Structures are given as structure tokens and as C-alpha cells.
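Understanding the architecture of this molecule
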Amino acid sequence: MAAADIPDNLAWSALTGPQADVAETLGRAARYRAGFAPLAAVSDWADDRAWADLRDLVGAGTPVTVAGVGLAVPDGWETLGRGDGLQLIDAAAEAADDAEAVTLTTDDVPEMLDLVARTEPGPFTPRATELGRHLGIRRNGALVAMAGQRMRVPGWTEISTVCTDPAYRGQGLASRLVRAHVAEIRRRGEAAFLHVSASKADALRLYLAVGFTVRTTTGFAVVRTPTDEKADS
């Protein structure tokens, strides 16, 4: 896959394409159904009508997460939190199945939520394992590392929630799980992409070492939809 093949508005492309079955859509706005991912999208950041559709979809005065290349939040929307990041793609990433990696299911969600709470790799919700395969590595029965597949757009799958228990870092567990996902994604005839916060230099070094390439910068924000009074003013 070429870098030009991946859409800038990934969440919109996913929610109106390969993952439409787990989406709620209203006009030019969409979001993942409850429990799958805390992410919403509009068809065009510059389209006021699309943002109005998003307000109507999630309700007035409701926090919602949006993310993507060129993210621009319109006037009247309260920004509760915002960050910058990088989008990386599989240009020449190493791919290798991992014999120690196990598939994580809904039965493992409590442990997965605990690991995410301790390592803060990004959002993870109880039904995330239904969006794509999640792999984990256990030591002495305990889950110590994991990585999953989340957003899907034509030809591309996102690797997300890559994390390792602090006591087991430095052993290459996260790199192994990323390589295993790359191998699986390629077998489907797709390519992998992922996102990393600009503040997480260690994670960026890991992905670059595996062979991912920075494609572009991206933004993410938690915003509150306007109240009806603000929207009508």
C-alpha cells in the first residue's frame, strides 16, 4: 500500500466503510457504538453542518472525542483536552508471528482494563476486542503486554493499545506483538498504521525501530458539544 492510499479522515472512512456495522450515523457525522471506541467523526472539519449533525447525534452539552489530520474544532465547542500526535504507516516494518502471543477475548477484558489503567497507552473500552484481534503475552499467568487492532479503512488496519507492564519493559514484548499484528494484517492483503502521542518519545522510537515510517502529524481532542442555546445563537 502507498501512503497516498490512506485517507486523512480515518475515523470517518472507518465508520462509513468497513466498520459501519458498529457505527451510529446521522447525516455527515458518525461515532462508534457505545463500548466499542470513544471516537466520533465528521465528514469534513470545515463543514458547520457536519458539526451540527454531530451535536444532534451525541446530544447537546456532551463530551466527545474527535481525531484526525487537520483537526479544527469550530467556535462554540468547548475543548476539554487536546493533544498532537504522529501517524505512522507500514512502509518496511518487520513482520513475525509470535508463538508466545495469545488471543485475548472478552473474558480477558478486566485484566486488559487494569493493564491499560496502569500504562495509559490510550483509550480502551470493554468491546474493543470485537473491533479486531488483540494479542497478549502472559508471565506466571498474568497479562504483562498487549496490542490490538482497532480502526479499519479499505486496505489498512490500525494497531492500537500497545502497552507493557512497567516491570516487564525492556524485554521487547511490545515490539514482538506489533510485529505479530503486522504479519497478520499483511496476510489479509492490507497494511498497518498506528498513532502515537507527540509526548511519548519511547513509543515513537519503538515503532521506528520496528520499521514504521512517519506519514503525517495528527490531532486529537475531547470536546463538549454546544448547548441548544449556543448552537442557535
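Everything numeric in this text was worked out from a predicted model, so none of it was measured. (Residues numbered from 1 in each chain as written. Predicted model: local features only at pLDDT ≥ 70, side-chain atom pairs only at ≥ 80, totals over all residues. Heavy atoms only, no water.)

A word on the environment of glycine 70
Among the secondary structure elements, glycine 70 is positioned in the loop between strand E4 (63-68) and strand E5 (78-90). Overall, glycine 70 belongs to the exposed group, its relative accessible area being 55%. Sequence-wise, glycine 70 and leucine 113 are 43 residues apart; in three dimensions their C-alpha atoms are separated by 30 Å. (Helix = DSSP H or I, 4+ residues; strand = E, 2+ residues; numbered from the N terminus. Buried < 20%, exposed > 50% of the residue type's maximum accessible area, 1.4 Å probe, protein only.)

With respect to the sheet that holds strand E1 (residues 23-26)
Across the sheet, which stays open at both edges, the 11 strands sit in the order E1-E2-E3-E4-E11-E5-E10-E9-E8-E7-E6 with mixed pairing between neighbours. Single-partner strands in this sheet number two, and they are E1 and strand E6 (102-104). Each strand axis lies, on average, 30 degrees off the axis of its neighbour in the sheet, ignoring direction. Taken together, the six bridges between strand E7 (residues 134-139) and strand E8 (residues 142-153) define a ladder with antiparallel strand orientation. Paired with isoleucine 137 across the strands is alanine 145, a residue of E8. Set on the sheet, helix H5 (residues 201-210) makes contact with E5, strand E9 (156-164), strand E10 (191-197) and strand E11 (212-224); between it and E11 the angle comes to about 145 degrees. (Pairing = 2+ DSSP bridges. Axes fitted to C-alpha atoms, helices over the stretch in contact; angles between N-to-C directions. Contact = heavy atoms within 4.5 Å.)

Quick notes on the pattern of salt bridges
In this structure the tally under the stated criterion is 24 salt bridges. In this structure, arginine 139 engages glutamate 100 in a salt bridge whose closest nitrogen and oxygen atoms are separated by 2.9 Å. You can see arginine 139 sitting in strand E7 and its partner glutamate 100 sitting in the loop between E5 and E6, a full 39 residues away along the chain. Residue class for arginine 139 comes out partly exposed when judged on its relative accessible area of 23%. Taking the shortest distance from any N to any O, the salt bridge between glutamate 158 and arginine 150 comes out at 2.9 Å. The exposure classification of glutamate 158 matches that of arginine 150, with both residues buried. Look at the salt bridges and you will find they share partners, linking Arg133, Arg152, Glu184, Arg188 and Glu190 into a network. (Salt bridge = Lys/Arg side-chain N within 4 Å of Asp/Glu carboxyl O.)

Overview of the nonpolar core
Within the largest apolar cluster, 24 residues are counted, with the highest numbers of intra-cluster contacts made by Ile159, Val178, Tyr207 and Phe212. Mapped by element, the contributors of at least two residues to this core are E5, E7, E8, E9, helix H4 (173-187), E10 and H5. A per-element tally of this core places H4 first, with seven residues. Counting residues in hydrophobic clusters, the runner-up holds 21 residues, among them Ala30, Leu39, Met151 and Phe193. (Core = buried A, V, L, I, M, F, W, Y, C linked by side-chain atoms within 4.5 Å.)

A short note on the environment of serine 43
Relative to the helices and strands, serine 43 is located in the loop between strand E3 (39-42) and helix H2 (48-58). Here the alpha-carbon distance between serine 43 and phenylalanine 193, two residues 150 residues apart in the chain, equals 21 Å. Residue contacts for serine 43: discarding those within four places in its chain leaves Asn9, Trp12, Arg28 and Ala50.

Structural notes on helix H3 (residues 109-119)
Looking only at H3, the buried set comprises Val109, Met112, Leu115, Val116 and Thr119. Buried residues of H3 fall within an arc of 120 degrees about the axis and therefore sit on the same side. Along H3, exposed side chains directed more than 90 degrees from the buried face belong to Pro110 and Ala117. A positive phi of about 55 degrees marks glutamate 120, the residue just after H3. (Arc of directions from axis to C-beta.)

Comments concerning unusual backbone geometry
Of note in the backbone geometry, asparagine 140 takes a positive phi value of approximately 55 degrees without being a glycine. What makes asparagine 140 exposed here is its relative accessible area of 80%. The phi torsion at threonine 161 lies on the positive side, around 50 degrees, for a residue other than glycine. On the secondary structure map, threonine 161 appears in strand E9.

Describing the side chain of glutamine 87
When you line up the elements, glutamine 87 lands in strand E5. For glutamine 87, a relative accessible area of 1% puts it in the buried group. In this structure the side chain of glutamine 87 is engaged in a polar contact, spanning 3.5 Å, whose partner is the side chain of histidine 195. When neighbours within four sequence positions are excluded, glutamine 87 is seen to be in contact with Ile6, Leu10, Val69, Leu194, His195, Thr213, Val214, Arg215, Thr216 and Thr218. (Polar contact = N/O pair within 3.5 Å; in protein donor to acceptor, adjacent residues only side chain to side chain.)

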